[in-house]
Amino acid sequence: MAAILLERCRMTARPELAPDVDDLAPTVPEITTYDEVHFITYLRLLDAEADRADWAEVAQIVLHRDPADAERTRTCWESHLARAQWMTKIGYRKILEKAVIDARATRH
């Protein structure tokens, strides 16, 4: 069943290794194309957070933001880290729910 679910998880956009980021990550309760493009960014942010890396360094390396613009950069980092955390708690379920729906539709 897990293989079927993963096979059915079709993304509309390919994740990019180092995409540009908006000032704020999406906050809608659905996975967006922006989220799909930024999956790797989200993973890098989560890894950095687990390693307790300095937020300014992470923002510069992962988000391509200038730490000299501290307020804007910090807001960007916080927004994207929050979205990454949302993906681990809620977003992934939406991917699985869609996969289940798609799998059932192809069986009938």
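Above this text sits the structure in question.
Here goes a summary of the coordinates provided. (Residues numbered from 1 in each chain as written. Predicted model: local features only at pLDDT ≥ 70, side-chain atom pairs only at ≥ 80, totals over all residues. Heavy atoms only, no water.)

Check the secondary structure of the chain and you find 5 helices and 0 strands. Traced from its N-terminal end to its C-terminal end, the chain shows the element sequence α-α-α-α-α. Put simply, the chain has 108 residues, and 33% of those count as buried. Pairs at least 24 apart in sequence give 58% of the contacts found in the chain among residues at least 6 apart. Accessible surface, the chain as shown: approximately 7,100 Å² in total, 55% of it carbon and sulfur. (Helix = DSSP H or I, 4+ residues; strand = E, 2+ residues; numbered from the N terminus. Buried < 20%, exposed > 50% of the residue type's maximum accessible area, 1.4 Å probe, protein only. Contact = heavy atoms within 4.5 Å. Areas by Shrake-Rupley, 256 points an atom, 1.4 Å probe, with all protein chains shown as cover.)

Look at helix α4 (residues 55-62) against helix α5 (residues 70-107): their axes get within 10 Å of each other, and the N-to-C directions meet at 80°. Relative to α5, the element α4 is oriented roughly perpendicular. Every residue of α5 that contacts α4 at Trp55, Val58 and Ala59 is listed here: Ala70, Thr73, Arg74 and Trp77. (Axes fitted to C-alpha atoms, helices over the stretch in contact; angles between N-to-C directions. Parallel < 35°, antiparallel > 145°, perpendicular 65-115°, else oblique.)

All chains considered together, the criterion is met by 1 aromatic pair. Arranged with centres 6.0 Å apart and planes meeting at 40°, the rings of Trp55 and Trp77 form a pair that is tilted. Note that Trp55 is positioned in helix α4 and Trp77 in helix α5, a separation of 22 residues in sequence. Pair check on accessibility: Trp55 and Trp77 agree, each one buried. (Phe/Tyr/Trp six-rings, centres within 6.5 Å; stacked < 30°, edge-to-face > 60°.)

Turning next to α5. For α5, with 38 residues, the first-to-last C-alpha span of 52 Å sits near the 56 Å given by 1.5 Å per residue. The largest bend in α5 amounts to roughly 55° and is located at Met87. (Expected span 1.5 Å × (residues − 1). Bend = angle between axes of the 7 residues up to and from the residue.)

The next thing to look at is the environment of Ala82. By the secondary structure assignment, Ala82 is in helix α5. Look at Ala82 and you get partly exposed, because its relative accessible area is 42%. For the pair Ala82 and Pro26, spaced 56 residues apart in the sequence, the C-alpha separation amounts to 9.8 Å.

It is worth spelling out the nonpolar core at this point. Tyr42, Leu45, Val58, Leu63 and Trp77 are the most contacted members of the largest nonpolar core, which has 19 residues in total. Residue assignment for this core shows that the elements contributing at least two residues are α3 (39-50), α4 and α5. Excluding residues that lie within four positions of it along the chain, Trp77 makes contacts with Leu45, Glu49, Trp55, Val58, Ala59 and Leu63. (Core = buried A, V, L, I, M, F, W, Y, C linked by side-chain atoms within 4.5 Å.)

A few words now on unusual backbone geometry. For Arg52, which is not glycine, the phi dihedral falls at a positive 60°. On the basis of relative accessible area, Arg52 is assigned to the exposed category, the value being 77%. The phi angle at His64 is positive, at roughly 60°, despite the residue not being glycine. Mapped onto the fold, His64 is located in the loop between α4 and α5.

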